[in-house]
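In case you want the letters, here they are:
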2 protein chains.
Amino acid sequence: MSEIKDRILSVGIDLLSKKGYNNVGLNEILRLANVPKGSFYHYFKSKEDFGIQVINRYSSLGICFLNQYLENEALSPKNRIIGFYKGMIEHYQQKDCTEGCLIGNASNELSDLTENFSQAIANEFQLWQDQIEKCILAGIKSGEITSTSESRMLASFILNSWEGALLRMKCEKNVSPLKDFIEGLMMVLR
Amino acid sequence: MSEIKDRILSVGIDLLSKKGYNNVGLNEILRLANVPKGSFYHYFKSKEDFGIQVINRYSSLGICFLNQYLENEALSPKNRIIGFYKGMIEHYQQKDCTEGCLIGNASNELSDLTENFSQAIANEFQLWQDQIEKCILAGIKSGEITSTSESRMLASFILNSWEGALLRMKCEKNVSPLKDFIEGLMMVLR
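Description of the structure in this document. These numbers were taken from a predicted model, which means no experiment stands behind them. (Residues numbered from 1 in each chain as written. Chains lettered and ligands numbered in written order. Predicted model: local features only at pLDDT ≥ 70, side-chain atom pairs only at ≥ 80, totals over all residues. Heavy atoms only, no water.)

1. Re the packing of aromatic side chains
Residues and elements named next belong to chain A.
Alright, step 1. By the definition in use, this model includes 31 aromatic pairs over all chains.
Alright, step 2. For the pair phenylalanine 84 and tryptophan 128, a centre-to-centre distance of 6.3 Å together with 45° between the ring planes defines the contact as tilted. Residue phenylalanine 84 is found in helix α5 (residues 77–94), and its partner tryptophan 128 is found in helix α7 (residues 115–141); the two are separated by 44 residues along the sequence.
Alright, step 3. With relative accessibility at 3%, the residue phenylalanine 84 sits in the buried group.
Alright, step 4. Over the ring of tyrosine 21 we find lysine 47, and its NZ or CZ is 4.2 Å from the ring centre. (Phe/Tyr/Trp six-rings, centres within 6.5 Å; stacked < 30°, edge-to-face > 60°. Helix = DSSP H or I, 4+ residues; strand = E, 2+ residues; numbered from the N terminus. Buried < 20%, exposed > 50% of the residue type's maximum accessible area, 1.4 Å probe, protein only. Lys NZ or Arg CZ within 6 Å of the ring centre and 35° of its normal.)

2. A short note on the relation of the copies chain A and chain B
Alright, step 1. Overlaying chain A on chain B yields an RMSD of 0.0 Å, the required transformation being a rotation through 180° with an accompanying axial translation of 0.0 Å. With respect to symmetry, the two chain copies, as superposed, fit the operation of a two-fold axis. (Least-squares fit on C-alpha atoms with pLDDT ≥ 70 in both.)

3. With respect to the pattern of salt bridges
Alright, step 1. This model, assessed by the stated rule, comprises 20 salt bridges over all chains.
Alright, step 2. Taking the shortest distance from any N to any O, the salt bridge between A:Glu99 and A:Lys18 comes out at 3.6 Å. With A:Glu99 in the loop between α5 and α6 (102–110) and A:Lys18 in helix α1 (residues 3–19), this residue pair connects regions lying 81 residues apart in the sequence.
Alright, step 3. B:Lys19 serves as the salt-bridge partner of B:Glu28, at 2.7 Å between the closest nitrogen and oxygen.
Alright, step 4. Looking at B:Lys19, the relative accessible area reads 34%, which means it is partly exposed.
Alright, step 5. Bridged by salt links that share partners, the residues A:Asp14, A:Lys18, A:Lys95 and A:Glu99 form one connected network. (Salt bridge = Lys/Arg side-chain N within 4 Å of Asp/Glu carboxyl O.)

Below you can see the structure in the form of C-alpha cells.
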C-alpha cells in the first residue's frame, strides 16, 4: 500500500475513533494527513468508501493484536481468550476510558445509514467472531471447556458482550464494566 | 408536564433514535414538533439540555416497561428477567432491527463530548442496573439463582451484554445476536 494512502487511513482511524464518521469533514482529513483533495480521491471513491476502508484497516490491525494472544500455545485456549481481554483493559486504561471500539461505534452510527456500511461492519465482526470460535473449539477439544452450548453462540455472545462493556465504560469513565465482563467471560467459558 | 414539552421530547426520542444527537438540527425538531423557537428555549436551556432530557425520558419509559416484567410475581425472578429480554426481541423485530437503544447509542456518541452527557447517561444505566440487581437478589433469596458472583456484577454484565447484542443486531439486521444473548443470559443466571 502507498505511503500516502497509509497516512490517510491512520488519520482516519484517529479521527473516527475520537469524533465518529459524521462529525469528520474531508478538509480536516486532508489537513491532518497533509494531502491534496485529488490525492484523496485517487485512493477513495467517496467519503463512504473512505469510512469503510478505515473500518477495515482498524479491524485488521486489531485482529493482528488478537492473534498474538490466541496463537500463544504457551497458554491454554481459555487463558488465551482471557489474556487478550485483560490486555485490552490495559489499553483502555491508557486511553482514559475514551473512544471505545471503532467497529462498535461505527455499527451504532452507520448501520442504519447504508447497506454498504452495515455489511462492511458485519463482515469485520464475523472475522473477529471466527477467530474467537476457533480458540473455543481448541478448548473444547482439549477438554478445558465443557459447555454444552455451541461454539458459534459462545463466540458471538463473548464478542458482543465485550462491545457492550466498552459502551458502558465510555460513560462510566472507568474500567469497572470491563472487569465485570472478565468475570462474566469466566462464567461462560466453563 | 406541559403538553408542548411532552411533544418536543417525543419528537426528540424519535429523531435521536433514528439519526443520533449530532445529526439532528434544531429546525428539524421545531418543525416536527410544530413549535416556535421561543417555546423550545422556554423548556430547554440548550441543545445539550434537550439531549439530556430526551435520554432521561426515553430511559424512564423503558424502565416502566422493564418493571411490568420484573414486578410480575406470577413468574420466578429469573423468568421475569428472561421474559423482559424476550419481549424486547419482539420489539426490535417490529423495528426491522434498526435504531437499537437510545441510551447505548448516546453513550457511544456523546460520552467523550461533555461530562454533563457522560454523567446523565451513566446515571440512567445505573437505574436500569439497580432494577435488574433487585430481581437477581430475589432469585438468590428464593434459591433459584445459586451463582457465587455478586449480584451487582451479574446485573452489570447482563445490562452491558444486552447493549452489545443490540449494537451487533444493527449491522447484522437480524435478531440472531439477541437470541445468542438470551442463551448467554441463561448460562449466567444459574
